[in-house]
Amino acid sequence: MSTTAPGTPYEVRLAALPGPEGVTPATFAVHPAPAPVPPGPGEVLVSLRRLGLNAGLANRIGGPDTAYGPGLRPGDVPESDAVVEIAASADPALPPGSFAVGKVPWRTYGLVRAEALRPLPADAVATGLDTYLTVLGHVGFTAWTGLIAVGAVRTGESVFVSGAAGGVGSCVVQFARARGAHVVASAGSPGKVALLTGELGADAAFDHRAGEAAQLLRAAAPGGIDLCFDNVGGAQLEAALDCLRFRGRAIICGAASQYGSREVRGPANYLRMIYQELTLRGFTVTEHEDRRPDFEAEVGAWVREGRVRSLHTRLDGFDAVPKAFAGLLAGRHTGRTLIAVEESP
Ligand SMILES: NC(=O)c1ccc[n+]([C@@H]2O[C@H](COP(=O)([O-])OP(=O)(O)OC[C@H]3O[C@@H](n4cnc5c(N)ncnc54)[C@H](OP(=O)(O)O)[C@@H]3O)[C@@H](O)[C@H]2O)c1
């Protein structure tokens, strides 16, 4: 049940630094937000429609400033990518009533810089606003960049995707299938494994908590793999290096298993790269912005044809944000975690 009143703008603030139990719903709190003034030059007044949550934000709570944003202190309002409706604007590229996507504060209604937003096409509502935070959004662009622009996946190749039920991973599985690859995927529970081989169409999948990663991957991909799209690092990256065929490639997207650890562990078996002529290649999606039109054309066509779809856990109502963020960190969600906000300001 919503505890926010229609007509009042709200924001979510960091309430307190997490204690030993980690992030809980009490880590963040919903507060009335200041009433916005009309937009000045370079500003637009936006109404929040969909808010995307990222587990990586947890690394910034009480932490130092990073390339992804400043460290968060109690009282701060975090930012993440969102779909907004333009309420008032002096920018002709963002007319009132149109939709846009960009990184905005966790606030139902307020001013943002126009340059932080990209306009969405006129048929965005028909396509599905959720889609612009998943397959057609930042996680989709990350998946496409690693798999296609950097990884150069080819039809018939065998691709292993770790962290495959997450935001990026669920896109990689679908894009690799759409490109005609054979897909082996991993996730952290039997339910997620069933989702990977069922709804997402992976050819094989395993629960990385069910045993030793190298054995699990070898059983799921007995003929070996050509390409690894790695979101987690650690034992699964090592397993992938063991299973890569001659001149295979490992694309390093993330290392969720290493985040927050004092000693980041690299693959102990990297010498196999020499005699198998393997490539280990990292990428940063923001360095590939020039490829966005190619991404939008290819994935947009797949969405229209129904070949890929948005995989997300959606919670309704802005006051669900604190609970949703704690649930995301506890691994309770599949795909991207989204908040749907319909009643703003
Ligand atoms: N290179 C780039 O430009 C770029 C851009 C965006 C994101 N990233 C990175 O890409 C990765 C995926 O992002 P995302 O948005 O998809 O995140 P996400 O939805 O949180 O998914 C990450 C997955 O990692 C798995 N995981 C977490 N801790 C783990 C552990 N200790 N061992 C094994 N698996 C673990 C979880 O899967 P299970 O619960 O199923 O185990 C989770 O679903 C992240 O590492 C992120 O930092 C990179």
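Counting restarts for each chain: residues are numbered from 1 in the order of the written sequence. With pLDDT at 70 or above as the cut-off, local features in this predicted model cover only qualifying residues; side-chain atom pairs require 80 or more to be listed or tallied, and sums for whole chains, interfaces and linings still use all residues. Based on all heavy atoms of the structure, the side-chain values leave hydrogens and waters out of the count.

Draft legend 1. Representation of the site of the ligand in the model. Near, as used in this document, describes a residue that has one of its heavy atoms within 4 Å of the molecule or strand being considered. Taken together, the neighbourhood of the ligand is formed by 22 residues, with V168, G188, K192, H208 and V285 sitting nearest. Under this definition, polar contacts are N or O atom pairs within 3.5 Å; protein pairs additionally need one hydrogen-donor-capable and one acceptor-capable atom, and for neighbouring residues in sequence, both atoms have to be side-chain atoms. Between an oxygen atom of the ligand and a main-chain N or O atom of N231, the distance comes to 3.3 Å. In this description, accessible areas are obtained by the Shrake-Rupley approach with a 1.4 Å probe, and a residue is regarded as covered only by the protein chains that are shown. Bound to the protein, the ligand loses 75% of the 910 Å² it would expose on its own. Residue polarity is assigned by list, with Asp, Glu, Lys and Arg as charged and Ala, Val, Leu, Ile, Met, Phe, Trp, Tyr, Cys and Pro as nonpolar; anything else, Gly included, falls into the polar class. Taken together, the residues of the shell around the ligand break down into ten nonpolar, ten polar and two charged.

Draft legend 2. The nonpolar core, seen in detail. The set of buried Ala, Val, Leu, Ile, Met, Phe, Trp, Tyr and Cys residues whose side-chain atoms join them within 4.5 Å is what this entry labels a nonpolar core. Only protein chains enter the area calculation, which uses a 1.4 Å probe; residues under 20% of their type maximum are buried, those over 50% are exposed, and those in between are partly exposed. Core analysis: the biggest nonpolar cluster contains 51 residues, and V83, L147, V173, F175, L196, V299 and V308 have the highest contact counts within it. Each helix is a run of DSSP H or I of at least 4 residues and each strand a run of E of at least 2, with the numbering of both proceeding from the N terminus. Among the elements of the structure, β5 (99-105), α2 (138-150), β8 (158-161), α3 (167-178), β9 (182-187), α4 (190-197), β11 (225-230) and α8 (292-304) are those that each provide at least two residues to this core. Segment limits for the domains were obtained from an automatic or database-derived domain assignment. Mapping this core onto the domain boundaries places at least three of its residues in each of domain 1 (10-132 + 311-340) and domain 2 (138-286). Contact between two residues is taken to exist if any of their heavy atoms lie within 4.5 Å; hydrogens are not considered. Excluding its chain neighbours within four sequence positions, the residues that come into contact with L196 are A164, A165, V173, A185, S186, A187, G201, A202 and A205. Core analysis: the next-biggest nonpolar cluster, separate from the first, contains 32 residues, L57, A82, V112 and L315 among them.

Draft legend 3. α3, seen in detail. By definition here, a helix of n residues has an expected span of 1.5 Å times n minus one. Across its twelve residues, α3 extends 17 Å between first and last C-alpha, which sits within 8% of the 16 Å expected from 1.5 Å per residue. Of all twelve residues that make up α3, eleven are buried, and the element is covered over most of its length. For α3, the set of buried residues is G167, V168, G169, S170, C171, V172, V173, Q174, F175, A176 and A178. G180 sits one or two residues past α3 and shows a positive phi near 85 degrees.

Draft legend 4. Region of interest: the domain arrangement of the protein. Each assigned domain of the protein is listed with its residue range as follows: domain 1 (10-132 + 311-340) and domain 2 (138-286). Computed over C-alpha atoms, the centres of domain 1 and domain 2 are 29 Å apart. Taken together, the two surfaces of domain 1 and domain 2 that pack against each other cover about 680 Å², and 60% of this comes from carbon and sulfur. A pair is scored as a salt bridge if a Lys or Arg side-chain nitrogen falls within 4 Å of a carboxyl oxygen belonging to Asp or Glu. Taken together, domain 1 and domain 2 are joined by zero salt bridges. Across the domain 1-domain 2 interface, the total number found is two residue pairs in polar contact (both at pLDDT 80 or more). For the side of domain 1 that touches domain 2, the residue count by class is one nonpolar, five polar and two charged. In this description, buried area is defined as the sum, over both parts, of the accessible area (probe of 1.4 Å) that is lost when the two are combined.

Draft legend 5. Region of the structure containing a nonpolar patch on the surface. Patch membership needs two things, relative accessible area over 30% and no salt bridge, and members are linked within 9 Å if like-charged or within 5 Å if nonpolar (Val, Leu, Ile, Met, Phe, Trp, Tyr). A contiguous nonpolar patch, built from Y270, L271, I274 and Y275 and spanning about 490 Å² of accessible area, is present on the exposed surface. Mapped onto the secondary structure, Y270 falls in the loop between β12 (244-252) and α7 (272-275). Judged by relative accessible area, which is 48%, Y270 ranks as partly exposed.

Draft legend 6. Molecular detail of the pattern of salt bridges. Per the stated rule, a full pass over the model turns up 20 salt bridges. Across the pair E277 and R247 runs a salt bridge whose closest N-O atoms are separated by 2.7 Å. One end of the pair, E277, is in the loop between α7 and β13 (279-282); the other, R247, is in strand β12, with 30 residues separating them in the sequence. With a relative accessible area of 39%, E277 lands in the partly exposed category. Accessibility expressed as a relative area gives 52% for R247, which makes it exposed. Here the salt bridges share partners, and the residues they tie into one network are R50, D130, R314 and D316.

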